[in-house]
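Residue-level structure breakdown
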Amino acid sequence: MTDNAKNYHEKMFPGYVSDFLRTDPEFIEVFDNFAFDEVVNEEGQQLDDRTRFIAILAVLIGSSSIDEFRCMMKAALRFNVTPVEIKEIIYQAVDYLGMGRTYPFLKASNEILEEMGYTLPLPAQSTTTVNNRYEKGEQCQIDIFGEHMRGNGQRGPKESKHINKWLVENCFGDVYTRNGLDYATREMITFCFLYAQGGCEVQLAGHTQANFGLGNDKEFLIKVISNCVPFMGYPRTLNALRIVNEQAEQWNK
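Residues take numbers from 1 onward in each chain, read along the sequence in its written order. Local features in this predicted model are restricted to residues of pLDDT 70 or higher, and side-chain atom pairs are both shown and tallied only at a pLDDT of 80 or more, whereas totals for entire chains, interfaces and linings draw on every residue. Computation of side-chain values covers all heavy atoms of the structure but excludes hydrogens and water.

1. A few points about the pattern of salt bridges
Here a salt bridge means any side-chain nitrogen of Lys or Arg lying within 4 Å of a carboxyl oxygen belonging to Asp or Glu. Tallied over the entire structure, the rule returns 12 salt bridges. With its nearest N and O atoms 3.4 Å apart, the salt bridge here joins Arg 133 to Glu 169. In this pair, Arg 133 sits in helix H8 (residues 133-145) while Glu 169 sits in helix H9 (residues 161-176), placing the two residues 36 residues apart along the sequence. Sharing partners across several salt bridges, the network here consists of Arg 133, Lys 165, Glu 169 and Asp 174. Strands here are runs of E lasting at least two residues and helices are runs of H or I lasting at least four, both read from the DSSP assignment and numbered beginning at the N terminus.

Below, the structure written as structure tokens:
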């Protein structure tokens with residue numbers, strides 16, 4: 001194992017020696033050298049550690065990778081991702097993955113935080129009420145996607161336009177308006193949720209454009225994708241890269 005990989009692993013998990021070094025030493029050498037040396041040090045693709053770990057946690061949730069999430073959440077806390085930020089990532093995941101797939105991560109985060117000495121519940125982050133969630137959710141959509149979103153919660157066929165209303169009130173009014181993460185970070189993790197679960201290319205295209213509008217440009221999103229390769233594998237990585245390139249062409253027209 002390279003010195004860089006050893007040093008990065010020690011920063012993530014001080015004093016911890018994985019049993020895989022005993023059972024699978026060749027695999028661990030290949031994986032750790034790639035994930036914790038080659039990837040994090042690739043010229044032109046580096047992210048600050050905090051952003052890297054926010055993205056990693058998001059793709060692990062998006063791909064239902066609960067065991068690896070448990071490990072990497074502890075590392076994320078050591079790289080200055082706060083408990084509030086971790087909780088906000090998980091809360092937002094419900095809108096893109098559903099509670100069924102998100103529940104294990106909420107439960108695991110509580111166990112880990114209490115194990116590490118944090119007091120739950122964490123400070124409240126909500127900024128809306130039942131009376132203004134639609135108004136603030138709509139403004140949030142407009143701020144992120146543009147003026148064409150005004151009135152979108154009232155559009156659509158009679159039998160299904162309530163879902164557009166729920167998107168405004170629930171996804172954006174209840175969640176995106178919360179403190180703890182800014183809009184640019186929330187759109188980055190949404191991008192991660194969508195490409196990690198696969199089969200959401202239409203939504204991924206729209207949220208790629210939203211990322212661009214918030215300053216998360218093509219180069220930044222490629223850095224996010226690149227830093228998550230060890231945790232996502234290549235097929236969904238390449239799918240996400242294709243969407244980013246296609247949307248960048250549209251954005252620059």
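That covers the picture; the talk isn't over yet.
2. Notes on the nonpolar core
Each nonpolar core is a collection of buried residues, namely Ala, Val, Leu, Ile, Met, Phe, Trp, Tyr and Cys, held together in the definition by side-chain atoms within 4.5 Å. Summary of the burial criterion: residues with accessible area below 20% of their type's maximum are buried, those above 50% are exposed, and those between are partly exposed, where the area comes from a 1.4 Å probe applied to protein chains only. If you look at the biggest cluster of nonpolar residues, it comprises 64 residues, and the most contacted ones within it are Met 12, Phe 53, Ile 61, Met 72, Ile 89, Phe 193 and Tyr 195. Residues are treated as being in contact if the distance between any of their heavy atoms lies within 4.5 Å. Contacts of Ile 61, omitting those with residues within four sequence positions, involve Phe 69, Ile 89, Ile 90, Ala 93, Leu 97, Phe 105 and Phe 193.

3. Observations concerning a nonpolar patch on the surface
A cluster of nonpolar side chains, namely Met 1, Val 17 and Leu 21, defines an oily patch on the protein surface of about 250 Å² accessible area. With respect to the element layout, Leu 21 can be found in helix H2 (residues 20-23). Leu 21 gets classed as partly exposed once you look at its relative accessible area, which sits at 39%. What makes a patch is a set of residues exposed beyond 30% relative accessible area and free of salt bridges, joined within 9 Å when like-charged and within 5 Å when nonpolar (Val, Leu, Ile, Met, Phe, Trp, Tyr). Under the convention used here, a 1.4 Å probe and the Shrake-Rupley method define accessible areas, while residue burial counts only the protein chains that appear.

4. Looking at the side chain of Thr 102
By the element assignment, Thr 102 lies in helix H7 (residues 99-115). Among residues more than four places away in sequence, those in contact with Thr 102 are Ile 90, Ala 93, Val 94 and Leu 97.

5. Some words on helix H1 (residues 3-12)
Helical geometry note: an α-helix holds 3.6 residues per turn, so side chains three or four residues apart project in the same direction. Looking at H1, one finds that the buried residues are Ala 5, Tyr 8, His 9 and Met 12. Buried residues of H1, viewed axially, fall in a sector of 100°; they line one side. Structurally, H1 contributes buried residues whose contacts are with helix H3 (25-38), helix H4 (49-62) and helix H5 (66-78). Think of it as the arc spanned by the lines of direction from the helix axis to the C-beta atoms.

6. Points about unusual backbone geometry
Peptide bonds are, in most cases, trans, and in most cases residues other than glycine have a negative phi. Cis geometry is adopted by the peptide bond preceding Pro 121, which originates at Leu 120 and carries an omega value of 0°. On the secondary structure map, Pro 121 appears in the loop between H7 and H8. One non-glycine residue, Ser 64, adopts positive backbone phi at about 60°. With respect to the element layout, Ser 64 can be found in the loop between H4 and H5. A positive phi angle, near 70°, is found at Asn 80, a position not held by glycine. Residue position: Asn 80 is located in the loop between H5 and helix H6 (83-97). When its relative accessible area of 60% is taken as the criterion, Asn 80 is described as exposed.

7. Looking at the packing of helix H12 (residues 218-227) against helix H14 (residues 234-251)
In this analysis, axes come from line fits to C-alpha atoms, helices being fitted only over the stretch in contact, and the angle between any two N-to-C directions falls in the range 0 to 180 degrees. For the pair H12 and H14, the least separation of the axes is 10 Å and the interaxial angle reads 180°. One way to sum up the angle between H12 and H14 is to call them roughly antiparallel. Between H12 and H14, the residues in contact are Lys 218, Leu 221, Ile 222 and Ile 225 and Thr 237, Ala 240, Leu 241, Val 244, Asn 245 and Ala 248, respectively. Residues are grouped as follows: nonpolar covers Ala, Val, Leu, Ile, Met, Phe, Trp, Tyr, Cys and Pro; charged covers Asp, Glu, Lys and Arg; every other residue, Gly included, is treated as polar. Looking at side-chain class alone, the contact of H12 with H14 contains seven nonpolar, two polar and one charged residues. Each angle receives one of four descriptions, namely roughly parallel if under 35 degrees, roughly antiparallel if over 145, roughly perpendicular if within 65 to 115, and oblique otherwise.

8. Quick word on the state of the cysteines
Any pair of cysteine sulfurs within 2.5 Å is marked as a disulfide. Throughout the structure, instances matching the rule amount to zero disulfides. Free of any disulfide, Cys 140 has its nearest cysteine sulfur in Cys 171, 8.3 Å distant. Here Cys 192 is not cross-linked by a disulfide; its sulfur's nearest cysteine counterpart is in Cys 228, at 5.2 Å.

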